[in-house]
Amino acid sequence: MSNYQSASNAKVVLGAWAGSPSTIKGLNALSLPLGASRKILTVEEFGRDIDTKVTTSAEYDDLSFSGNLVLGDSTGQDALRQLFVSNTPITDIRFYLSAVDFCALDLAHDPGGYYQISKFSPGQAQKSGVFPLAVSMSVGGMSALFTKHVSAIANADVKVATSSTISDVNSGFLAAGFAVGDVVIIDASTSNTLLSGII
């Protein structure tokens with residue numbers, strides 16, 4: 001049976017790493033920051049009737065989310081608008097597929113990665129409707145999908161070998177289904193909060 005992912009619990013959360021997560025209110029549509037596309041170069045040659053096409057460099061696809069304008073969502077929609085106005089790169093944002101699984105920047109492999117709001121647009125409302133909201137973001141770095149989770153691993157079980165490498169001392173990550181090379185984010189740790197690394 002196919003493992004389809006229901007989108008009923010999808011959400012966008014600001015400030016998860018900072019310890020003050022805030023779900024953006026009013027959303028009902030979301031594209032994930034996992035897509036990319038390559039440019040196509042058409043090569044023409046004398047004597048050939050059919051041209052050849054080759055792929056060249058790639059770029060990340062923009063991501064978008066939309067829904068309904070919610071007034072007074074100070075830590076959500078209002079915060080997004082301020083980030084748009086100030087043209088601020090965003091690293092502390094997560095795009096949830098479910099209650100626990102999410103996409104976020106892969107700062108272990110791409111420490112300079114960021115998202116940036118390119119469009120913040122309250123749209124047109126009709127008499128019997130509500131004002132919509134559409135947000136687009138450019139993707140300026142590698143994203144990862146985080147679908148394995150471990151709770152309450154003791155600090156003694158995790159060894160930070162380098163600034164981006166984490167050792168699984170007592171096999172807690174291994175028991176949870178992680179593999180060597182997986183990217184992890186550590187949340188709510190007294191000594192390693194805000195750490196993103198590779199097992």
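Residues numbered from 1 in each chain as written. Predicted model: local features only at pLDDT ≥ 70, side-chain atom pairs only at ≥ 80, totals over all residues. Heavy atoms only, no water.

Caption draft 1: Structural view of the nonpolar core. Residues Phe65, Ile93, Phe95, Tyr115 and Met137 are the most contacted members of the largest nonpolar core, which totals 30 residues. At the level of secondary structure, the elements contributing two or more residues to this core comprise strand 1 (11–14), strand 6 (63–68), strand 7 (93–96), strand 8 (102–105), strand 9 (115–122), strand 10 (132–139), strand 11 (143–146) and strand 14 (183–186). Sequence-distant contacts of phenylalanine 65, that is, excluding residues within four places in its chain, are made with Val12, Leu27, Ala29, Leu30, Leu80, Phe95, Leu133, Ala134, Val135 and Met137. (Core = buried A, V, L, I, M, F, W, Y, C linked by side-chain atoms within 4.5 Å. Buried < 20%, exposed > 50% of the residue type's maximum accessible area, 1.4 Å probe, protein only. Helix = DSSP H or I, 4+ residues; strand = E, 2+ residues; numbered from the N terminus. Contact = heavy atoms within 4.5 Å.)

Caption draft 2: Local environment of the sheet that holds strand 3 (residues 27–30). On the basis of which strands lie adjacent, the open sheet formed by four strands has the order 3-6-10-9 and antiparallel pairing. The open sheet is flanked by strand 3 and strand 9, the only strands paired with a single partner. In this sheet, adjacent strand axes meet at a mean angle of 20° when their direction is disregarded. Strand direction decides the pairing type here: strand 3 and strand 6, joined by three bridges, are antiparallel. The residue bridging leucine 30 from the neighbouring strand is phenylalanine 65, located in strand 6. Of the strands in this sheet, strand 6, strand 9 and strand 10 touch helix 1 (residues 77–85), which is tilted by about 115° from strand 9. (Pairing = 2+ DSSP bridges. Axes fitted to C-alpha atoms, helices over the stretch in contact; angles between N-to-C directions.)

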